[in-house]
Amino acid sequence: MGSLLVGKKAVEEGLRWSIDNGKSVQFWTDVWVCNLPQCRIQSIPPPNCNWNKLADFINQDTQAWDLGRLSVCVSAEEMKAISLIPINLMKKEDKRIWSHNKSGQYTVKSGYNQEYKNNVSANPEQASTSHSPSKSMWKKLWSVPTMPKTRAVWFGSGKTYWTTDHDTSSAIKWMEELLCGNMAKETTLETMAAIFQVCWAIWKARTAYIFSAKYPNPVEIIELATKANRDYLLAIFRSPKVSPPQQILERNWSPPPSSVLKFNCDGEYKSSCSLAAFGVIARDYGGVAQHWRSGKTMAASAIAIEAWALRIACGAALNLGLFQVIFESDCLELVNCFNHPNVSGPWDIRAMVEDIRGWASTRKWSFLWCPRKKNRVAHWLATNCLNRNFVFSGCIPPELQCLLDFDVPT
């Protein structure tokens, strides 16, 4: 029973509010501002302040933050953090979600990882014996020309095993030295591949010993590893270069079916100041622009402005009364939110994803991914709006018209 109560407490501490209409959230005490320390407001309520619900700080007419109220109640840092949180336009009920993964759904793995981090933070002296490898080591590991399964041994094995090398305390430190340290200067990628293959063979022999009682033969292990490594290297170096599919080589924008508009949208983001810009353009089968828009806003991340641009495009489709529409974005993570029902994306796009899903549920809307080169017009709109203060309205400028003409299929 005690362990269940501890687990319940850990889950409750990892929950936070996902903001929709703000009527269920206590502005001053609840956990809801993800980009602030402890995800809470630290400012003290002003005297005689009757604004206690988060909904009190949302303009109900525009569904935007009431910056006037925020400016007299919270610090400038808190006001900026709050203003970066998008608000759901459909005024759905607020809900509590798990804050330690992108899906918002609790999993045993994410719960365990969070508890482990909490324990390490609470007991730094206990964690000092462990070693966290650098990102450069993992990057180098995946560049070694060897079978993918031989790399997996480093994720599934006990990386804290002690070695006999007096200069190396554990296997993971030895591998980091091999890949990124002084040893890396004298070790070729082919040699590293052979070492990885031997480690994999040792792992397989260990498994056979545990589950099949087959006593390992060191000579046999090395011979099998050497042969497997040689065969793999011969295969990859002798294999002919495969040309990519024709659609990848295709440079032109892909037109929609006749009588259907395609909206392309893109966002541009400056992380240094949280300033962002979006670009949206809708074209018909012949590539003729039927709707366009660009503008600036504040955003919490690059994917947030991508989602903002898509919501702008969806709003334009609503205003035009379009039932069947194709929306294209070069942000795969965002597009996956609409093609996979269990994917909601990170916290800073969830409100916008819910809006778009709600609108699309009663319409024949398709959400497709495209590479950047097929989204060049929307990208041009967003980039020029952000870097050149160019807001697209009125006549099409010659530079943009050239891009539109280039995109027209021949």
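In this text, all values refer to a predicted model and were calculated from it rather than measured experimentally. (Residues numbered from 1 in each chain as written. Predicted model: local features only at pLDDT ≥ 70, side-chain atom pairs only at ≥ 80, totals over all residues. Heavy atoms only, no water.)

Points about empty space enclosed by the protein
At step 1: What the rule picks out here adds up to one cavity of 30 Å³ or more.
At step 2: Computed from the structure, the largest cavity encloses a volume of approximately 90 Å³.
At step 3: Among the secondary structure elements, those contributing two or more residues to the lining of the largest cavity are strand S1 (15–18) and helix H14 (350–360).
At step 4: If one sorts the elements of the lining of the largest cavity by residue count, S1 sits on top with three residues. (1 Å grid on protein atoms, 1.4 Å probe; cavity = no way out; pocket = protein on both sides within 12 Å on 5 of 7 lines; lining within 4 Å. Points joined across faces, edges and corners; volume = space filled by probe spheres on them. Helix = DSSP H or I, 4+ residues; strand = E, 2+ residues; numbered from the N terminus.)

Let's talk about the pairing of strand S6 (residues 275–283)
At step 1: With eight of nine residues buried, S6 lies mostly within the body of the structure.
At step 2: Taken together, the nine bridges between strand S5 (residues 261–270) and S6 define a ladder with antiparallel strand orientation. Directly across from Gly-267, in S6, lies its bridge partner Phe-278.
At step 3: Taking the residues that link successive antiparallel strands as the turn, the S5-S6 hairpin has four residues, and the phi of Ser-274 there is positive, at about 60°.
At step 4: Hairpin connection, S6 to strand S7 (residues 289–298): the antiparallel pair is bridged by five residues, and Gly-287 has positive phi, about 85°. (Buried < 20%, exposed > 50% of the residue type's maximum accessible area, 1.4 Å probe, protein only. Pairing = 2+ DSSP bridges.)

Observations regarding the environment of Trp-292
At step 1: Looking at the secondary structure, you find Trp-292 in strand S7.
At step 2: Between the C-alpha atoms of Trp-292 and Ala-313, which are 21 residues apart in sequence, the distance is 9.0 Å.

Some thoughts on helix H12 (residues 302–319)
At step 1: Spanning 18 residues, H12 covers 26 Å between terminal C-alpha atoms, matching the ideal 26 Å at 1.5 Å per step.
At step 2: Within H12, 14 of the 18 residues are buried, which leaves the element mostly enclosed by the surrounding structure. (Expected span 1.5 Å × (residues − 1).)

Brief notes about the sheet that holds S6
At step 1: Across the sheet, five strands lie side by side as S7-S6-S5-S8-S9; this open sheet has mixed pairing. Since the sheet does not close on itself, it has two edges, and those belong to S7 and strand S9 (364–369), each with one partner. Strand-to-strand, the axes of this sheet are offset by a mean angle of 20°, without reference to chain direction.
At step 2: As defined by bridge partners, S5 adjoins strand S8 (residues 324–329) across five bridges and the pair is classed as parallel. Among the inter-strand pairings, Asn-264 is bridged to a residue of S8, identified as Glu-328.
At step 3: Of the strands in this sheet, S5, S6, S7, S8 and S9 are in contact with H12, which crosses S5 at around 150°.
At step 4: Helix H13 (residues 332–339) contacts S8 and S9 of the sheet and is inclined by roughly 145° relative to S9. (Axes fitted to C-alpha atoms, helices over the stretch in contact; angles between N-to-C directions. Contact = heavy atoms within 4.5 Å.)

Overview of the layout of surface pockets
If you roll a probe as big as a water molecule over the atoms, it shows you where there is empty space left.
At step 1: Put simply, the largest pocket is a space of about 570 Å³.
At step 2: Lining the largest pocket are 28 residues, with Gln-63, Ala-64, Thr-297, Trp-308 and Arg-311 sitting closest to its centre.
At step 3: Elements with a contribution of two residues or more to the lining of the largest pocket: strand S3 (64–65), S7, H12 and H14.
At step 4: For the lining of the largest pocket, the leading source of residues is H12, giving seven residues.
At step 5: Taken together, the residues that form the lining of the largest pocket break down as 18 nonpolar, seven polar and three charged. (Nonpolar A, V, L, I, M, F, W, Y, C, P; charged D, E, K, R; others polar.)

A closer look at the packing of aromatic side chains
At step 1: According to the stated counting rule, one finds eleven aromatic pairs in the structure shown.
At step 2: Measuring from centroid to centroid gives 6.3 Å for Trp-28 and Phe-57, while their planes differ by 80°, and the two rings are edge-to-face. One end of the pair, Trp-28, is in the loop between S1 and strand S2 (58–59); the other, Phe-57, is in the loop between S1 and S2, with 29 residues separating them in the sequence.
At step 3: Accessibility expressed as a relative area gives 11% for Trp-28, which makes it buried.
At step 4: Judged by its relative accessible area of 0%, Phe-57 is buried.
At step 5: Ring centres 5.3 Å apart and planes at 15° place the aromatic pair Phe-327 and Phe-367 in the stacked group. With Phe-327 in strand S8 and Phe-367 in strand S9, this residue pair connects regions lying 40 residues apart in the sequence.
At step 6: Over the ring of Trp-17 we find Arg-96; its NZ or CZ atom is 5.9 Å from the centre of that ring. (Phe/Tyr/Trp six-rings, centres within 6.5 Å; stacked < 30°, edge-to-face > 60°. Lys NZ or Arg CZ within 6 Å of the ring centre and 35° of its normal.)

Overview of helix H3 (residues 76–83)
At step 1: Every buried residue belonging to H3 is among Glu-78, Ala-81 and Ile-82, and all of these are buried. Down the axis, H3 shows its buried residues gathered within 95° of arc, on one side only. (Arc of directions from axis to C-beta.)

Considering the packing of H12 against H13
At step 1: At a minimum axis distance of 9 Å, the contact between H12 and H13 shows a crossing angle of 55°. Considering their axes alone, H12 and H13 lie oblique with respect to each other. The chirality of how H12 crosses H13 is right-handed. Between H12, through Ile-303, Glu-306, Ala-307 and Leu-310, and H13, the contact on the second element is made entirely by Glu-333, Leu-334 and Phe-338.
At step 2: Of the residues contributing to the contact of H12 with H13, the split by class is five nonpolar, no polar and two charged. (Parallel < 35°, antiparallel > 145°, perpendicular 65-115°, else oblique. Left-handed = near helix turned anticlockwise from the far one by under 90°.)

Concerning the pattern of salt bridges
At step 1: Applying the stated rule across the entire model yields eleven salt bridges.
At step 2: Here Arg-283 and Asp-407 are joined by a salt bridge, their closest N and O atoms 3.1 Å apart. With a gap of 124 residues between them, Arg-283 in strand S6 and Asp-407 in helix H16 (residues 398–407) connect regions that are remote in the sequence.
At step 3: Asp-407 gets classed as buried once you look at its relative accessible area, which sits at 1%.
At step 4: The salt bridge involving Asp-355 is made with Arg-311; its shortest N-O contact spans 2.6 Å. (Salt bridge = Lys/Arg side-chain N within 4 Å of Asp/Glu carboxyl O.)

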